Every structure is written in C-alpha cells, then in structure tokens.
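Here is how the chains run, residue by residue.
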Amino acid sequence: MRTRNGIRMTGVAVALLLLVWTCGAQAIPPDPDNAALLYYQALLIHHEPNDAIASTYQDFVAGKTGPTDQIRQYVASSHAALDYATLASKVQDCDWGLPYSKGFSLLLSHLSHYRSLARLIVADARLEAHQGRYETALDRCFLLQRMADHLGDDTLVSYLVGLAVRDQSYTCMEDVIGRAWNDATLLRWLRSELANPPVRAISPVRPFQIEREIVMDLMRMERGRELASALGGELEQKEAGQIAARANEHILGRARRMYSQRVQEMLDVLNGPLSYNEAYSRLKQLKDGSDPADPASVLVGTFAPAMSRVYGSKIRTEAHANAVRAGIEICLHRSETGKLPASLPQGLPRDPFSGEDFEYRPADQGFVLRCRAKDLDRDLVHEYAFTLR
Amino acid sequence: MNERRDERWLDEQLRRAINTTAPEFDAERWKRDHAEAYQALVARGQGVKGVKVRRVQGVYWAGSALAAAAVILVGVAILVTPPQVRDEPVGVETARAPSAAHIVSMISLRTAYRQGGEDALYEQLDAALKTLGPRPDASSTPLLFGRL
C-alpha cells in the first residue's frame, strides 16, 4: 500500500514539474527561425547618415580617412540596427520571401538597404579597430560574411551584392591585420576562423538556374506583353520592336531550346576544371555568340546572363580572400621572427587568376601581394597592400 | 540618379501615354509601329485559351446553359440600368503612373549590370536608396518610444 502511494506521489510530482517546465517554456515565444525576418527589422530601423557627413562617412567606410566625432555619433545612434543584424546573422536559415512568379518584375528593394546596413557594420568595425579593439572589429567582419552568405543565391543580383559585402569584409580585415600584426594569438584565431567553411556556401549556379526558369517561362506566346516589356528593358526600341514583330510559336520554341542549352553550357564551364583565362574566354564567347539575322538567336543573346562578368566577380572575391589568408601567414612570420620574410613562404593560398602563388613584395610600411595574371573583366592586375602600423 | 536606358525608354513611353487623349499601356509605341505582327503574337496566345474553353464547354453543356441564362439576366439588368457618364474611351487602359520602384526591379538591375558591370549596379542600388526613402531619422526613434 505504501509503495503504491509512493508511486502515486512521484507521478504527481513529475506531472507538476512537467507542468511548471512547460509553462515556463511557453512564457516567451522563440525568436524567428528565419534570419530574413530579423534583417528586415534591422533595415526598418536603419537610416543613412545625413547629407552633411555623407561624403566623409563614405571615405571612412572605404578606409580613406579616419573617424570623426560625427561618424562616431552616427554609428552609435545606429546600434539598434546593428544589434538586430547580429541577431539575424546567428540564425541558420534565411528566406527573403521573394515572389518569383513576378518574373523580371520582381523587386529587390531590400538590397539597397542591405548595402547601406553593410556599410554601417564596416564603419563600426573600423571604429573598433581605431580604438584598439581588434577582436571586436574582426567579429564585425565575420558578421559581414554571414550577412553575405544569408543574402545568398536567390537571384543573380543578390549573389553579386553578397560578393561585394564579402569583399568589404576582406578589405576591413586587411586594415585590422595591419594594426594587429604583432598579436600572434589574434592572428592564429583569425586564421582558424577563416579556415572554417561558411555556414551556407553560395554559388552562382542556383541564381542562374532560377533565371533560366524565369526566361523560359517568359519566352512563350501567351506572355507576349511581359516579353515585350522585358525586351524593351534590354534592347533599343527599334530592335525590340523588330524582334517582337517577328516572334511566333516556332521562333520562341527554338529560342527556349537554344537558351536552355546555352545556359547549361555556361554552367558546365562554371563547374568545370578550366583555368580562369580559359573559363572566362569560353563564357564570353557563349554570351556573345548570337546571329543577328536569326530572331531566336537574338532573343537568346538578349537574355543570356553575363556569366563571364559574374565569374570575374567570383574569382575577384576569391583572390581577395586568399590574399588575406596569405597576409596573415606573413604577419605571423613577422610576429614570430621580428622581420618580414625575404620571399613568400611555401604553401600559402594562391592567386586564382593565375593559379600560381601571389607575387610578394616588401614595402616601406608593410608588404604587397600581387596577382600574377590580369582580371580580364576589369583589364587590370589586382594587388593587396598590407600596411603594418 | 543614374538613369538607365530602359528607364528612360519606359519613362518616355509613359509620358507620351499620359499626354495623349487616348492613353495607352506603357511600352506600346513600338507595338503600334509593328501593330499587325504584335497583335498576331498576342492574339495567338489568347487563341490557345479559347480552344480550351470551347472544349470544356462541349463536355459540360449543362453548365453552359446555366451560364447562358446568367448572361441573359445580366444583359437585361444592364439594359434596365441608366447609362453612366465615362471620362475615358471604352476599351482603353488607363496609363499607370511611373513606379519609382522600377529602379530596383530585377530586369532594371540586371540591365544595369549587363551594361555597366558592378559599378553601374551598385550605383543604381544606392540611387534607389535615395529614391525609395525616406528612412526614419535616428533621433526620432527614442522620442517615439518616449511618447509611447
């Protein structure tokens, strides 16, 4: 009897405990599991600096000038946006809720504000670095990278803006590394953080696939009006009129097949083992190869993505990332031996434009890493200067 | 604002449409220039839908009879109702005001990138920030909370 009472009492106690625990868990609803919802809130409370400091602020973000009191004040007044962005960056999933059914009319207004928010975070990182808080500054750089990953690969424009944000993070890291070159512990931590794979790897493949579906859907007779508008956006009035005038089911059907095949060829190049020079030239050739006498071919050429250009942007960001990682190793050498290496140490990340090691050159106040091949899209050779302060 | 070619073109079309007594949908001027071919293009698309409707009607004849009765009733109602004065010609679409948001449409941003690369794309996105504002002033946010 006593045992049965004991079991009953234990059951009641467990039930009460469960009740208290459940009530406690339900008291505060959980934060959103979609990062975009938090980013949207950050964008709502974020504001641009006023016109009086806009130019100074822009130069400061670009690393051309030092901070001013007005910039400090502006950044301090924007901490709520920064706080929400930080919170958002910690959420794994991010769905921007884009209505793809809108096709090319899809609005990407969040990207303007996102760029502005990214500038604010760069400004904050630079302010932290100026005050000697290097770890916090680098935290901001990683926040930018997570934001870039979250912006992701929904559309081609999102992907490009994401690359630009990531590139800004590397520029900012260069500055911090130059200031913290003597802090070996921090540099080792940075090295290990950069070696981690991104939470969400983004690539241009998905945006191209989505864009292909949008264009394939557009090139149909029953979408004549939308097709006309899209052509009007891409071509001169006369040319657009001529193509629309000649369009029929046969031509559009052929254009769809040709377009799908062309994009697939581009994606194969993008995923293939070709060198930068080979891949860029092939992608450019695929983009430019239209027959002006064939309306289907002109349609394909009109809507074919500027893949060589996008590929160039991707390689440019990779080059910057590799230069930063190589720069950390050189700074660690300096920190450990007291002097810069005479030549580039072996086994460092390479210049993706040439596939070779960066060209290394000690300079007055630091060193320079230079690519060994030209960025064909911009017609220049990139170099990355690390100023050790 | 960095005005791109397609925007100038659209704006031009809209301006023309607004200034005429018979306004038309934007991007129609060149369709007028090539009216026959373009109408054929649109009409053929609509024709495909027409075939489907007739096929469905053939199967569901009872539904068609009900629909016909409804049409007759609506027709009678229209005849009985006094005619209303219209400000614009029948069958002509009203011109839409140019949308400032077009600057951030996928086609517009895509065209900017195709024509001017990253610089043109980012310039347009930054121009959109000014166009699509205003953004809330930071100093007003604490005040707002204070008043609440």
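Residues numbered from 1 in each chain as written. Chains lettered and ligands numbered in written order. Predicted model: local features only at pLDDT ≥ 70, side-chain atom pairs only at ≥ 80, totals over all residues. Heavy atoms only, no water.

## Some remarks on the nonpolar core
Counting 131 residues, the largest nonpolar core has Phe104, Leu117, Met173, Leu299, Phe303 and Leu369 of chain A as the members making the most contacts within it. Setting aside its immediate chain neighbours within four residues, leucine 299 of chain A contacts Met219, Leu227, Leu231, Ile243, Leu252 and Ala255 of chain A. (Core = buried A, V, L, I, M, F, W, Y, C linked by side-chain atoms within 4.5 Å. Buried < 20%, exposed > 50% of the residue type's maximum accessible area, 1.4 Å probe, protein only. Contact = heavy atoms within 4.5 Å.)

## Observations regarding the side chain of aspartate 375 of chain A
All names here are of chain A. With respect to the helices and strands, aspartate 375 occurs in the loop between β2 (366–370) and β3 (383–387). For aspartate 375, the side chain forms a polar contact with the side chain of arginine 316, separated by 2.6 Å. Within the local environment of aspartate 375, its side chain forms a polar contact with the backbone nitrogen of aspartate 377, the two atoms lying 3.1 Å apart. Apart from residues no more than four positions distant in its own chain, aspartate 375 is found in contact with Tyr276, Arg316, Phe353, Leu380 and His382. (Helix = DSSP H or I, 4+ residues; strand = E, 2+ residues; numbered from the N terminus. Polar contact = N/O pair within 3.5 Å; in protein donor to acceptor, adjacent residues only side chain to side chain.)

## What about the domain arrangement of chain A?
Residues and elements named next belong to chain A. Segmenting chain A into domains produces domain 1 (35–93 + 109–201), domain 2 (206–305) and domain 3 (318–387). Centre-to-centre, using C-alpha coordinates, domain 1 lies 23 Å away from domain 3. Across the contact, 15 residues belong to domain 1 and 15 residues belong to domain 3. Both faces considered, domain 1 and domain 3 share a buried interface measuring about 1400 Å² in area, 67% of it formed by carbon and sulfur atoms. (Domains from an automatic or database assignment. Buried area = accessible area lost by both parts, 1.4 Å probe.)

## Regarding the packing of aromatic side chains
As enumerated under the stated definition, the model contains 13 aromatic pairs over all chains in all. An angle of 85 degrees between the planes, with centres 5.9 Å apart, marks the rings of phenylalanine 142 of chain A and tryptophan 189 of chain A as edge-to-face. Of the two residues, phenylalanine 142 of chain A is situated in helix α7 (residues 134–151) and tryptophan 189 of chain A in helix α9 (residues 184–195); the sequence distance between them amounts to 47 residues. When its relative accessible area of 25% is taken as the criterion, tryptophan 189 of chain A is described as partly exposed. Note on phenylalanine 367 of chain A and phenylalanine 386 of chain A: the rings are 4.8 Å apart at their centroids and 10 degrees apart in plane angle, and the pair reads as stacked. Separated by 19 residues along the polypeptide, phenylalanine 367 of chain A in strand β2 and phenylalanine 386 of chain A in strand β3 bring together distant segments of the chain. We classify phenylalanine 367 of chain A as buried; its relative accessible area is 1%. Classification of phenylalanine 386 of chain A by relative accessible area gives buried; the value is 2%. A network of ring pairs unites the aromatic residues Tyr39, Tyr40, Trp96 and Tyr114 of chain A as a single cluster. One residue, arginine 309 of chain A, lies across the ring of tyrosine 113 of chain B, its end atom 6.0 Å from the ring centre. Seen from the ring of tryptophan 181 of chain A, arginine 334 of chain A lies directly overhead, with NZ or CZ sitting 4.1 Å from the centre. (Phe/Tyr/Trp six-rings, centres within 6.5 Å; stacked < 30°, edge-to-face > 60°. Lys NZ or Arg CZ within 6 Å of the ring centre and 35° of its normal.)

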